[in-house]
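Chain residues, written in single-letter form:
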Amino acid sequence: MSDRVSDRVVVALDVGGTGMKCALVRPDGVVVRTERHPTGAARGPAAVVGTILDVAGGLADKARADGLTPIAVGIAVPGVVDEARGVAVWSANVGFRDVPLRDLTVRRLGLPAALGHDVRVGGLAEARLGAGRGTGHVLFVAIGTGIASAHVVDGTAAVGAHGAAGEIGHIMVRPDGPRCGCGRPGCLEAVASAAAIGRRYAELAGGTPDAPVTAAEVAERAAAGEPLASQVWQEAIEALADGLASGQALFDVATIVLGGGLAQAGDRLLAPLRAALHERMTFHREPQLVAAALGDEAGCLGAALLALDAVGVRDHQEKR
Ligand SMILES: [Zn+2]
């Protein structure tokens, strides 16, 4: 085997509600091929599973045609994921209900396979290859339509006893706040997700539902000095700081990495959030607060890391 070590690759897929990001990745983290495919979730979960297996099989074949040796497959999916059993338990976006995706992949491709949760593998990639690299204890927080996190210690993301670790979006930050999709009032993601920021602005502006203002626009208008946008943005910053302070109290990380759509606001988010988090630190040590570095490739790279971990190959990245 040792003469083939440099030819080894894993097949990685990050399955989202609308598209799949796919790649062949070497053990050193170098991506040698990328592909994107539509998920076609409207066709139903069985068809999506068929596409996942076809795409994974196709990538393995292309690797072999290029003289490479596929050694494992990693797949990231949204929703509730039982990583130990390799089952996509539930997904609102893709419609999965107890799909044994790992075993289906093993059977179809004849390769070891690993299944992971999209945010957790994204955090894994940011912690090992991206903005948290070399810092050991990392909390990755993805802020988009919702808010979710991954706690990564020395390159391993905590999954939880029921596959549901990291739901920082459902920490209650405003008991009298808007009701969350989960049914409780005042969850962090009901107050400070990109979707919530847009909703709040529209509400205060007496908004027209046909012309929604995005969180990015709220950030821009706040930076331009518009009072209403500044108020909404600052409310979101304060709520995020409360959520991150709770995260820091629990996990005492070295680095908090912010990803997801809202992190694209860059310093308009990071600078005031750093200040607000600083105010909340008492005896806790203040973490570095940084923007994610891998963009929308994080999930795919994280899926590759899961695949490498599944076959015990970790001869890459973690060089400090
Ligand atoms: Zn909630």
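What counts, and at which threshold
- Residues numbered from 1 in each chain as written.
- Predicted model: local features only at pLDDT ≥ 70, side-chain atom pairs only at ≥ 80, totals over all residues.
- Heavy atoms only, no water.
- Axes fitted to C-alpha atoms, helices over the stretch in contact; angles between N-to-C directions.
- Helix = DSSP H or I, 4+ residues; strand = E, 2+ residues; numbered from the N terminus.
- Parallel < 35°, antiparallel > 145°, perpendicular 65-115°, else oblique.
- Left-handed = near helix turned anticlockwise from the far one by under 90°.
- Contact = heavy atoms within 4.5 Å.
- Nonpolar A, V, L, I, M, F, W, Y, C, P; charged D, E, K, R; others polar.
- Core = buried A, V, L, I, M, F, W, Y, C linked by side-chain atoms within 4.5 Å.
- Buried < 20%, exposed > 50% of the residue type's maximum accessible area, 1.4 Å probe, protein only.
- Donors = N, O, S within 2.8 Å, 3.2 Å for Na, K, Ca; no water.
- Tetrahedral: all angles 85-135°; square planar, octahedral: opposite > 155°, others 65-115°.
- Pairing = 2+ DSSP bridges.
- Arc of directions from axis to C-beta.

Engineer: How would you sum up the packing of helix H6 (residues 215-223) against helix H7 (residues 227-251)? Please name residues and give values.
Structural biologist: Orientation of H6 relative to H7, taken along the N-to-C sense of each, is 120°, at an axis distance of 7 Å. The orientation of H6 relative to H7 falls into the category oblique. The hand of the H6/H7 crossing is left-handed. Contacts between H6 and H7 pair Ala 215, Val 218, Ala 219, Arg 221 and Ala 222 from the former with Ala 229, Ser 230, Val 232 and Trp 233 from the latter. Classifying every residue of the contact of H6 with H7 by side-chain character gives 7 nonpolar, 1 polar and 1 charged.

Engineer: Tell me what's going on with the nonpolar core, and back it up with residues and numbers.
Structural biologist: Judged by nonpolar contacts, the single largest core of 38 residues is most densely connected at Val 141, Trp 233, Leu 240, Ile 256, Leu 258 and Leu 273. Secondary-structure elements contributing two or more residues to this core are strand S9 (137-143), helix H4 (188-192), helix H5 (194-204), H6, H7, strand S12 (255-259) and helix H8 (267-280). Considering each element in turn, this core owes the most residues, 10 residues, to H7.

Engineer: Report on the coordination of the zinc ion, specifying residues and quantitative values.
Structural biologist: Every protein donor of the zinc ion is listed here as His 170 (ND1), Cys 180 (SG), Cys 182 (SG) and Cys 187 (SG), and their distances to the metal cover 2.0 to 2.4 Å. One can describe the donor arrangement at the zinc ion as tetrahedral, given that its 4 donor atoms subtend angles of 103 to 121° at the metal. The sequence motif formed by the donor residues of the zinc ion is H-x9-C-x1-C-x4-C. According to the relative accessible area criterion, Cys 182 is partly exposed, its value standing at 42%. Since its relative accessible area comes to 0%, Cys 187 is described here as buried.

Engineer: Describe unusual backbone geometry, and please don't skip the residues or the numbers.
Structural biologist: Excluding glycine, a negative phi dihedral is what most residues carry, and trans is how most peptide bonds are arranged. Positive phi, close to 50°, is recorded for Asp 154, a residue that is not glycine. Among the secondary structure elements, Asp 154 is positioned in the loop between strand S10 (147-153) and strand S11 (156-157). Owing to a relative accessible area of 44%, Asp 154 belongs among the partly exposed residues under this scheme. If you check the backbone angles, Asp 252 has positive phi at about 45° while not being a glycine. Here Asp 252 lies in the loop between H7 and S12.

Engineer: Quick one: what's the story with the sheet that holds strand S1 (residues 8-15), residue by residue and with numbers?
Structural biologist: Ordered by their spatial adjacency, 5 strands build an open sheet running S3-S2-S1-S4-S8, and the pairing between neighbours is mixed. Only two strands of the sheet have a single partner each, and these edge strands are strand S3 (31-38) and strand S8 (113-117). Averaged over all pairs of adjacent strands, the angle between their axes in this sheet comes to 15°, without regard to strand direction. Relative to strand S2 (residues 19-25), S1 is paired through 6 bridges, and the arrangement is antiparallel. Looking across to S2, one finds that Val 15 is bridged to Met 20. Together, strand S4 (69-77) and S8 form the strand contacts of helix H2 (residues 101-109), whose direction differs from that of S8 by roughly 150°. Those strands touched by helix H3 (residues 118-128) are S1, S4 and S8, and its axis lies near 100° from that of S8.

Engineer: Tell me what's going on with H2, and back it up with residues and numbers.
Structural biologist: Within H2, burial applies to Leu 101, Thr 105 and Leu 109. Relative to the axis of H2, the buried residues are bounded by an arc of 45° and lie together on one face. Tucked into the core, H2 has its buried residues touching helix H1 (45-65), S4, strand S7 (97-99) and S8. Positioned one or two residues after H2, Gly 110 has a phi angle of 65°, which is positive.

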